[in-house]
Amino acid sequence: MRVLTSSSALLLSAALLVASTALASQSLRGHAAADEKATGKFKPFFLPYTNTSAIPRVDQDYHDSLKATWEGLKARNIDAYDVKLVHRPRSETPNDAVSEGVGYGLLLALYSNDQEYFSLQLDNAEKHMWNYRHFHDWRVNEQGSVQATGAATDAEQDIALACIFAQHLVDKGVWESHRTPQGATYGERAQQILDAMWDTGMIQDGKFLAPAAGWGGRDFVNPGYFAPAFYKIFKDFDANAYKHDWTAVVDQCYASILANVGEDKGLIPDWMTPAGTFYGQ
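Quick caveat, the model's predicted, so the values are computed rather than measured.

Thresholds, definitions, all that
- Residues numbered from 1 in each chain as written.
- Predicted model: local features only at pLDDT ≥ 70, side-chain atom pairs only at ≥ 80, totals over all residues.
- Heavy atoms only, no water.
- Helix = DSSP H or I, 4+ residues; strand = E, 2+ residues; numbered from the N terminus.
- Buried < 20%, exposed > 50% of the residue type's maximum accessible area, 1.4 Å probe, protein only.
- Contact = heavy atoms within 4.5 Å.
- Areas by Shrake-Rupley, 256 points an atom, 1.4 Å probe, with all protein chains shown as cover.
- Core = buried A, V, L, I, M, F, W, Y, C linked by side-chain atoms within 4.5 Å.
- Expected span 1.5 Å × (residues − 1).
- Pairing = 2+ DSSP bridges.
- Salt bridge = Lys/Arg side-chain N within 4 Å of Asp/Glu carboxyl O.

K.L.:
Give me the overall build of the protein: which residues, what numbers.
P.N.:
What the protein contains, in helices and strands, is 9 helices and 6 strands. When the 281 residues of the protein are sorted by exposure, 53% land in the buried category. Partitioning the intrachain contacts of the protein with sequence separation of at least 6 by distance along the chain shows that 61% fall at a separation of at least 24. When the accessible surface of the protein is totalled, it reaches about 13,300 Å², and 52% of it is carbon and sulfur.

Here it is, written out as structure tokens:
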């Protein structure tokens, strides 16, 4: 269900690698000065990885590219709509919004140090997508009415990670405290999602990552949804880690990747069994 496959998704991947390293080590650099914070003029505070010997040269700094991508996404896909979510103008159902877009939008807002649009998206996702089972229904139309129920696991883990990082920024005094319309802090929303991943079948048999709540897992997986680096952060954050074995999920993700039929060629199928065979074979 990863539907945003434009250049913004590629840039997001680079940003997330930098952000994950910075926040996991609890080392935030380049915080906005107090006077900049007061006027809302934030600077991105995650600096690019300094060891660039293996990275192809680019014509402009990653920060500039990411900032331009984020501002363009805001103008084209959020501000142009009444419901302030990341919309898809040219999807199979034009102008809809999906939970994966919420995750991408939150991560880009986080990297750009844009708390206003982080909270705006999170609050609107709660208003239009939040399910009583503590996940987001995965698709709404342009007006915000639910069109497809159920959780997309990749979206929920992106949203949870973004909320963990956002709570970290609040705790560090970089961002202001915030509560959603239903009263959840960033950290509380992350915890609700982590619990739901285990309680609604996004994780099955204690280790298999299902592509959606109650769909797949022990029978089939999509390795494009695997995010083992996230699960290591979830383990450290999760108040219920004593009963949520995130290490087992990490290990199973790697085991499935290594067992897949294309491993010796450096390839991997999108849909396969946890044992590595093509799904449906």
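Okay, back to it.
K.L.:
How would you explain the nonpolar core if you had to name every residue and give the values?
P.N.:
The tendency in soluble globular proteins is for nonpolar side chains to be buried as a group. By size, the foremost hydrophobic cluster in this structure holds 59 residues, and its most contacted members are F118, W175, M197, Y231 and F234. Of all the elements in the fold, those that place two or more residues in this core are α3 (62-78), α4 (99-111), α5 (115-129), α6 (153-171), α7 (186-199), α8 (228-237) and α9 (246-259). Every residue in contact with F118, bar those within four places of it in the chain, is listed here: L106, A109, L110, A162, C163, A166, W175 and Y186.

K.L.:
Describe α6, and please don't skip the residues or the numbers.
P.N.:
If you check α6, its first and last C-alpha atoms are 27 Å apart, about what 19 residues at 1.5 Å a residue would give, namely 27 Å. The buried fraction of α6 amounts to 18 of the 19 residues, a majority that puts the element mostly inside the structure. Within two residues after α6, G173 carries a phi angle of roughly 80°, on the positive side.

K.L.:
Provide a residue-level description of the sheet that holds strand β2 (residues 96-98), including the pertinent values.
P.N.:
The strand order across the open sheet formed by 4 strands is β1-β2-β3-β4, and the pairing between neighbours is antiparallel. Two strands lie at the open edges of the sheet, namely β1 (87-88) and β4 (146-148), each paired on one side alone. Where β1 and β2 come together, 2 bridges link them in antiparallel fashion. Within β2, the residue paired with H87 across the bridge is A97.

K.L.:
Go over the pattern of salt bridges with me, naming the residues and quoting the values.
P.N.:
For the coordinates displayed, the defined rule picks out 10 salt bridges. The residue E188 makes a salt bridge to R179 at a minimum N-O spacing of 3.2 Å. Classification of E188 as partly exposed rests on a relative accessible area of 38%. Among the ionic pairs, D205 bridges to R218, the shortest N-O distance being 3.0 Å.

K.L.:
Run through unusual backbone geometry, naming residues and quoting values.
P.N.:
The residue N95 is not glycine, and still its phi comes out positive at about 75°. Positionally, N95 belongs in the loop between β1 and β2. If you check the backbone angles, D205 has positive phi at about 55° while not being a glycine. On the secondary structure map, D205 appears in the loop between β5 (203-204) and β6 (208-209).

Function-wise, these values are silent; they only describe arrangement.
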